[in-house]
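Read off the chains here:
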Amino acid sequence: MGTKTVDETGAETGTEAKTDEEKVDVTKTNDATASDEVTENDEAEAGDEVTAEATEEGPSGVGQGAGAIVSAALGLVSLTGGWIGTVAAARETLVGQLETASNASVAKQIKEVYGDAWQASALWAGLFALAALIVGVVVLARPAFGAPGKPQAPWIKSVAWGGVVLGVIGLLLAVLKYTDALLGLPSAG
């Protein structure tokens, strides 16, 4: 055991005596460790609360965003033509070639070989445009039937409106193409 002595000023000396600085350092170390533990626990609890609030609030809008993107993609396909429209047009061309006699008039050959293929392509473009229009309108109308007070993200609205506009333009062009008002077949004569 160590001995302890006190001098006239009241300061402790000996092996068990500690200076004020050492006492402060020990206190600071213990307080810092305790505050680190409290901060980690608070962060974990706050993270759990945020996760619980997010699941209680309802949907995150991922489905609406996906629907908006699908609407825009369908509208773009209606304008540029899709694989299904190309295959349908090629099939109609083949059917027209098989059913048209070689001694048929030029006007009949043009209509059977090219006209039906043109209309099949227009029909599929119109179906894609109609699908884009419907999906876009559903995405835009969804917040009216969803959680009250939760606004739709602006980018979702923008992309959905883009899909609706592309759908309307594609539908208009498909109708004009199908009725031969736009780029009709040439006359044979």
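Before reading on, note that the structure itself is shown above.
1. Quick word on the overall build of the protein chain
For step 1, the next point in the chain: Secondary structure summary: the protein chain contains five helices and two strands in total.
For step 2, the next point in the chain: Along the chain direction, N to C, the helices and strands of the protein chain fall in the order β-β-α-α-α-α-α.
For step 3, the next point in the chain: Evaluated residue by residue, the protein chain yields a buried proportion of 21% over its 189 residues.
For step 4, the next point in the chain: Nonlocal contacts in the protein chain, meaning residues at least 24 apart in sequence, comprise 75% of its contacts between residues at least 6 apart.
For step 5, the next point in the chain: As displayed, the protein chain offers around 13,000 Å² of accessible surface, 63% of which is attributable to carbon and sulfur atoms.

2. A short note on the pattern of salt bridges
Should their charged atoms come close, side chains of opposite charge can pair.
For step 1, the next point in the chain: Here the structure, examined in full by the defined rule, presents two salt bridges.
For step 2, the next point in the chain: The residue Arg91 makes a salt bridge to Glu92 at a minimum N-O spacing of 3.7 Å.
For step 3, the next point in the chain: Exposure remark for Glu92: the relative accessible area of 23% places this residue in the partly exposed category.
For step 4, the next point in the chain: Across the pair Asp116 and Lys111 runs a salt bridge, and its minimum N-O distance is 3.3 Å.
For step 5, the next point in the chain: Judged by relative accessible area, Lys111 falls into the partly exposed class, the value being 43%.

3. Focus: a nonpolar patch on the surface
For step 1, the next point in the chain: Nonpolar side chains collect at one region of the surface, where Leu79, Val165, Ile169, Leu172, Leu173, Leu176, Leu182 and Leu183 lie side by side and expose about 640 Å² of accessible area between them.
For step 2, the next point in the chain: No other element matches helix H5 (residues 154-178), which puts five residues into the nonpolar patch.
For step 3, the next point in the chain: As for its position among the elements, Leu176 is in helix H5.
For step 4, the next point in the chain: What makes Leu176 partly exposed here is its relative accessible area of 30%.

4. Let's talk about the packing of helix H3 (residues 83-99) against helix H4 (residues 106-141)
For step 1, the next point in the chain: Where H3 contacts H4, the axes come no closer than 8 Å and their chain directions differ by 155°. When the axes of H3 and H4 are compared, the pair comes out roughly antiparallel. You can see that H3 and H4 cross each other, and the crossing is right-handed. When H3 is examined against H4, the residues Ile84, Gly85, Ala88, Ala89, Glu92, Thr93, Gly96, Gln97 and Glu99 are found in contact with a partner set consisting of Glu112, Val113, Asp116, Ala117, Ala120, Ser121, Trp124 and Phe128.

5. Here's the deal with unusual backbone geometry
For step 1, the next point in the chain: Positive phi, close to 65°, is recorded for Asp180, a residue that is not glycine.
For step 2, the next point in the chain: Checked against the element boundaries, Asp180 lands in the segment after H5.
For step 3, the next point in the chain: Residue class for Asp180 comes out partly exposed when judged on its relative accessible area of 34%.

6. Observations regarding the side chain of Ser78
For step 1, the next point in the chain: Assignment of secondary structure puts Ser78 in helix H2 (residues 62-80).
For step 2, the next point in the chain: There is a polar contact of 2.7 Å between the side chain of Ser78 and the backbone oxygen of Gly75.
For step 3, the next point in the chain: Setting aside residues no more than four positions away along its own chain, Ser78 makes contact with Ala125, Phe128, Ala129, Leu166 and Gly170.

7. Observations concerning the environment of Ala141
For step 1, the next point in the chain: Along the polypeptide, Ala141 turns up in helix H4.
For step 2, the next point in the chain: Separated by 16 residues in the primary sequence, Ala141 and Lys157 place their C-alpha atoms 10.0 Å from one another.

8. Some words on the packing of H2 against H4
Between two packed helices, what matters for the description is the angle formed by their axes and the separation of those axes.
For step 1, the next point in the chain: Their axes nearest at 8 Å, the elements H2 and H4 cross at an angle of 155°. Taken together, H2 and H4 sit at an angle that is classed as roughly antiparallel. For the element pair H2 and H4, the recorded crossing hand is left-handed. On H4, the residues that touch Gln64, Gly67, Ala68, Ser71, Leu74, Gly75, Val77 and Ser78 of H2 are Ala125, Phe128, Ala129, Ala131, Ala132, Val135, Gly136 and Val139.

Rules used throughout
- Residues numbered from 1 in each chain as written.
- Predicted model: local features only at pLDDT ≥ 70, side-chain atom pairs only at ≥ 80, totals over all residues.
- Heavy atoms only, no water.
- Helix = DSSP H or I, 4+ residues; strand = E, 2+ residues; numbered from the N terminus.
- Buried < 20%, exposed > 50% of the residue type's maximum accessible area, 1.4 Å probe, protein only.
- Contact = heavy atoms within 4.5 Å.
- Areas by Shrake-Rupley, 256 points an atom, 1.4 Å probe, with all protein chains shown as cover.
- Salt bridge = Lys/Arg side-chain N within 4 Å of Asp/Glu carboxyl O.
- Patch = residues over 30% accessible without salt bridge, like charges linked within 9 Å, V, L, I, M, F, W, Y side chains within 5 Å.
- Axes fitted to C-alpha atoms, helices over the stretch in contact; angles between N-to-C directions.
- Parallel < 35°, antiparallel > 145°, perpendicular 65-115°, else oblique.
- Left-handed = near helix turned anticlockwise from the far one by under 90°.
- Polar contact = N/O pair within 3.5 Å; in protein donor to acceptor, adjacent residues only side chain to side chain.

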